[in-house]
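So you can see what is in the structure, the chains are spelled out below.
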Amino acid sequence: MAPRSTRDFRATRRRFLQGSVAGAALSTVARPLAAQQPPVPLEEYQAEYFDAAEWAFVMAATARLIPSDGDGPGALETRVPVFIDREMAGEFGQAATWYMEGPHQPDAAPLFGYQSPLTPAEVYRGGIAGFNDWCSSKHGAAFADLDADTQDAALTALEAGDVPLGPELRDFFSLLLQNTKEGYFADPLYGGNHGMAAWVYIGFPGARASFLEWTDPSKDNVPYPLGPVSIAGERA
């Protein structure tokens, strides 16, 4: 199979996100934020699970998967890294509700499902360390310290399986991409989709409980104008 261009990660957001809403309907159970207070800047956020180097990676990687230089909000504007950090510190990251007893066969075909003995949080920890080592060897610096073009090339190699991380970490990129999409589209209650900006961008009404004011047949094929509502009742 021919290698894909490093420009794959620069496709328009609408193309990248097309079809992702259904897949990001939160197959996991994220922990809600304790209170809806004005969030601190990402640079001041105290990560619950990631250390400083891991947090720098998550910030940089999500910024390339959903970049800020397009016609909609990026991963950083929607605080996707906060969502991922909370996921890894919570039940999903710890595989609290998963069957994790052996035997494990990490090199089994992907069709057999998740086979790693590691929890998702452990996959992130090992994957980030291994990927940063590969980036340092291949490109001379950890991922977060590379320029955007080199980061795109590195992520392309990671997705293609060209980064030797070991079979127990092979789900690292797919987890990162899945959690990035989930954090982008989740209810703001879970730390991402700040201000419901992603919902506004795609025209999703969120948790609005009633559409009686929009049931007039004359409004068929007319763009829905009322904006999204969060689980907490906030309106964008």
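Located above this text is the structure these notes cover.
Residues numbered from 1 in each chain as written. Predicted model: local features only at pLDDT ≥ 70, side-chain atom pairs only at ≥ 80, totals over all residues. Heavy atoms only, no water.

A.B. asks: So, the overall build of the protein chain: which residues are in play, and what are the values?
C.D. replies: Within the protein chain, the regular secondary structure consists of 8 helices and 0 strands. Scanning the protein chain from its N terminus toward the C terminus, one meets helices and strands in the order α-α-α-α-α-α-α-α. Residue burial in the protein chain is summarised as follows: out of 236 residues, 43% are buried. For the protein chain, contacts bridging at least 24 residues in sequence account for 69% of all contacts bridging at least 6. Summed over all atoms, the accessible surface of the protein chain reaches about 12400 Å², with 54% contributed by carbon and sulfur. (Helix = DSSP H or I, 4+ residues; strand = E, 2+ residues; numbered from the N terminus. Buried < 20%, exposed > 50% of the residue type's maximum accessible area, 1.4 Å probe, protein only. Contact = heavy atoms within 4.5 Å. Areas by Shrake-Rupley, 256 points an atom, 1.4 Å probe, with all protein chains shown as cover.)

A.B. asks: Give me the lowdown on the packing of helix α3 (residues 52–65) against helix α5 (residues 120–139), citing residues and values where you can.
C.D. replies: Orientation of α3 relative to α5, taken along the N-to-C sense of each, is 80°, at an axis distance of 10 Å. By the angle between their axes, α3 is roughly perpendicular relative to α5. Touching Glu54, Phe57 and Val58 of α3 are Arg125, Ile128, Phe131 and Asn132, all from α5. A breakdown of the residues in the contact of α3 with α5 according to their chemical character gives 4 nonpolar, 1 polar and 2 charged. (Axes fitted to C-alpha atoms, helices over the stretch in contact; angles between N-to-C directions. Parallel < 35°, antiparallel > 145°, perpendicular 65-115°, else oblique. Nonpolar A, V, L, I, M, F, W, Y, C, P; charged D, E, K, R; others polar.)

A.B. asks: Quick rundown of the packing of aromatic side chains? Include the residues and the values.
C.D. replies: Describing an aromatic ring pair means giving the distance of the ring centres and the angle of the ring planes. Tallying each qualifying case throughout the model produces 13 aromatic pairs. Relative to tryptophan 55, the ring of tyrosine 45 has its centre 5.0 Å away and its plane inclined at 35°; by these criteria the two rings are tilted. Of this pair, tyrosine 45 sits in the loop between α2 (20–23) and α3 while tryptophan 55 sits in helix α3, and the two are 10 residues apart along the sequence. One exposure class covers both tyrosine 45 and tryptophan 55, and it is buried. Their ring planes at 90° and their centres at 6.0 Å tell us that phenylalanine 57 and phenylalanine 131 sit as a pair that is edge-to-face. With phenylalanine 57 in helix α3 and phenylalanine 131 in helix α5, this residue pair connects regions lying 74 residues apart in the sequence. Relative accessible area serves as the criterion here: at 1%, phenylalanine 57 is assigned to the buried category. Members of the aromatic cluster, each reached through a chain of ring pairs, are Tyr49, Phe50, Phe57, Tyr124, Phe131, Trp134, Phe143 and Phe172. Over the ring of tyrosine 49 we find arginine 125; its NZ or CZ atom is 4.1 Å from the centre of that ring. (Phe/Tyr/Trp six-rings, centres within 6.5 Å; stacked < 30°, edge-to-face > 60°. Lys NZ or Arg CZ within 6 Å of the ring centre and 35° of its normal.)

A.B. asks: Give a description of the packing of α3 against helix α4 (residues 80–89) that names residues and reports values.
C.D. replies: At a minimum axis separation of 9 Å, α3 and α4 run at an interaxial angle of 130°. In terms of orientation, α3 lies oblique with respect to α4. Crossing of α3 over α4 shows right-handed handedness. Contacts between α3 and α4 involve Trp55, Val58, Met59 and Thr62 from the first element and Val80, Pro81, Val82, Ile84 and Asp85 from the second. (Left-handed = near helix turned anticlockwise from the far one by under 90°.)

A.B. asks: Describe the pattern of salt bridges, and please don't skip the residues or the numbers.
C.D. replies: Summed over the entire model, instances satisfying the criterion amount to 3 salt bridges. Residue glutamate 54 is joined to arginine 125 by a salt bridge in which the shortest nitrogen-to-oxygen separation is 2.6 Å. With glutamate 54 in helix α3 and arginine 125 in helix α5, the pair connects residues that are 71 residues apart, well separated along the chain. (Salt bridge = Lys/Arg side-chain N within 4 Å of Asp/Glu carboxyl O.)

A.B. asks: Before we move on, can you summarise the environment of alanine 148 with the specific residues and values?
C.D. replies: As for its placement among the helices and strands, alanine 148 is situated in helix α6 (residues 148–160). In this structure, the C-alpha to C-alpha distance between alanine 148 and arginine 64, residues 84 residues apart in sequence, is 7.4 Å.

A.B. asks: Could you give me a rundown of the side chain of serine 230, with the residues and numbers involved?
C.D. replies: Relative to the helices and strands, serine 230 resides in the segment after α8 (197–202). Residue serine 230 is classed as buried on the basis of its relative accessible area, which comes to 3%.

A.B. asks: Requested: an account of unusual backbone geometry, with residues and values cited.
C.D. replies: In this chain, glycine 102 is followed by proline 103 through a cis amide linkage whose omega measures 0°. Turning to its location among the elements, proline 103 is positioned in the loop between α4 and α5. With a phi angle near 60°, arginine 79 is a residue other than glycine that sits in the positive phi range. The topology assignment puts arginine 79 in the loop between α3 and α4. Of note, the phi angle at alanine 95 is positive, near 55°, even though the residue is not glycine.

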